[in-house]
Amino acid sequence: MASTLKLHGRIDFLVNNGGGQFSSPANMMSAKGWKAVIDTNLNGTFLCCREAYNAWMKDHGGVIVNIIADMWKGFPGMAHTGAARAAVDNLTKSLAIEWAHSGVRINSVAPGTIISKTAMENYKEYGPTLFKMSVPFSPAKRLGVPEEISPAVCFLLSPAANYITGATLKVDAGQSLYHSIWEIPEHDAWPEAPEGENTDVLREIMDKTKSKL
Ligand SMILES: CCCCC/C=C/C(=O)SCCNC(=O)CCNC(=O)[C@H](O)C(C)(C)COP(=O)(O)OP(=O)(O)OC[C@H]1O[C@@H](n2cnc3c(N)ncnc32)[C@H](O)[C@@H]1OP(=O)(O)O
Ligand SMILES: NC(=O)C1=CN([C@@H]2O[C@H](COP(=O)(O)OP(=O)(O)OC[C@H]3O[C@@H](n4cnc5c(N)ncnc54)[C@H](OP(=O)(O)O)[C@@H]3O)[C@@H](O)[C@H]2O)C=CC1
């Protein structure tokens, strides 16, 4: 913040875009890996917001946009980033209220699955498969590109959004409303429903379905 102020003399905008994660089932994540993702996505965002505010925006106003993710149905396979991005969604709301009196607006953008060379490279040899696998889960039946996210960010930074703060704009072609990419294997581990006539009906329809299969 100090070097930006020295160079430009002001900080009108902050976009917390740097971030990411690795893919792993939650039970296989080390404490260090969990912490690295929380540090990058949640703690990094908080510290950048705090520094921009204290160094400039507190006395002069400004606009902040936080980039989060489609974690609205949880984020199985990337639980660390889901937790961090949901926390940033909530942080955005707290700061919108705390800093309103300084003329600071702060909003989030939640992208769907967005393809770029650099994003794909993070997942090494699995990148192309991982991103291709996501296509059927987009109502658009294609992935987005960064050029479809940046206009939303520019809008929120601009005077056209002067009356918007504490909001999260989903830019995901409806992906968050559609079904999850995570497959739950067939299992019979769930606790039995309590005995009674409704459970009898449940067993009956399940038996009928089975016999038709
Ligand atoms: C198609 C599905 C898309 C889903 C939608 C989301 C897409 C995107 O977000 S695209 C953006 C793509 N960009 C990234 O994901 C950036 C990836 N990199 C990072 O965010 C960071 O490098 C980091 C948070 C993963 C790690 O940060 P850093 O502080 O630099 O920490 P280290 O590299 O030293 O790692 C610390 C620790 O973390 C564990 N770990 C790191 N990478 C992996 C991995 N690939 N697999 C398993 N575990 C990993 C590990 O425990 C590391 O410690 P050491 O074991 O001592 O190395
Ligand atoms: N692509 C997608 O499908 C989605 C992306 N997002 C999020 O959007 C943002 C931009 O991602 P995208 O452009 O797709 O991917 P990129 O991998 O191209 O960009 C990620 C950026 O984050 C920076 N970064 C990663 N870890 C750290 C760290 N520990 N400290 C500082 N900077 C870091 C990287 O820096 P460097 O180049 O130096 O490594 C890179 O510039 C990220 O927060 C991402 O998680 C959210 C939802 C979906």
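Everything numeric in this text was worked out from a predicted model, so none of it was measured.

Chemist: Please give an account of helix 2 (residues 31-60) that cites residues and values.
Modeler: Taking the largest bend as the criterion, helix 2 deviates by roughly 60 degrees, centred on Y53. The set of residues buried in helix 2 consists of G33, V37, I38, N41, L42, T45, C49, A52, Y53, W56 and M57. Each element contacted by the buried residues of helix 2 is listed here: helix 1 (2-8), strand 1 (13-16), strand 2 (62-67), helix 3 (79-98) and strand 3 (104-111). The first or second residue beyond helix 2 is G61, which carries a positive phi of 75 degrees.

Chemist: Before we move on, could you go through helix 3 and cite the residues and values that matter?
Modeler: End to end, helix 3 covers 29 Å across 20 residues, agreeing with the expected 28 Å (1.5 Å per residue, within 8%). Considered for burial, the residues of helix 3 that qualify are H80, T81, G82, A84, R85, V88, D89, L91, T92, L95 and A96. The inward-facing, buried residues of helix 3 contact helix 2, strand 2, strand 3 and strand 4 (168-171).

Chemist: Tell me about the sheet that holds strand 1, and name the residues and values.
Modeler: The strand order across the open sheet built from four strands is 1-2-3-4, with neighbouring strands paired in parallel fashion. Of all strands in the sheet, those bounded by a partner on one side alone are strand 1 and strand 4. Taking the axes of each pair of neighbouring strands and ignoring which way they run, one obtains an average angle of 20 degrees across the sheet. When strand 3 meets strand 4, the two strands line up parallel, connected through four bridges. For V109, the partnering residue across the bridge sits in strand 4 and is L169. Each of strand 1, strand 2 and strand 3 is contacted by helix 2, which is oriented at about 175 degrees to strand 1, the strand it contacts most.

Parameters and conventions
Residues numbered from 1 in each chain as written. Chains lettered and ligands numbered in written order. Predicted model: local features only at pLDDT ≥ 70, side-chain atom pairs only at ≥ 80, totals over all residues. Heavy atoms only, no water. Bend = angle between axes of the 7 residues up to and from the residue. Helix = DSSP H or I, 4+ residues; strand = E, 2+ residues; numbered from the N terminus. Buried < 20%, exposed > 50% of the residue type's maximum accessible area, 1.4 Å probe, protein only. Contact = heavy atoms within 4.5 Å. Expected span 1.5 Å × (residues − 1). Pairing = 2+ DSSP bridges. Axes fitted to C-alpha atoms, helices over the stretch in contact; angles between N-to-C directions.

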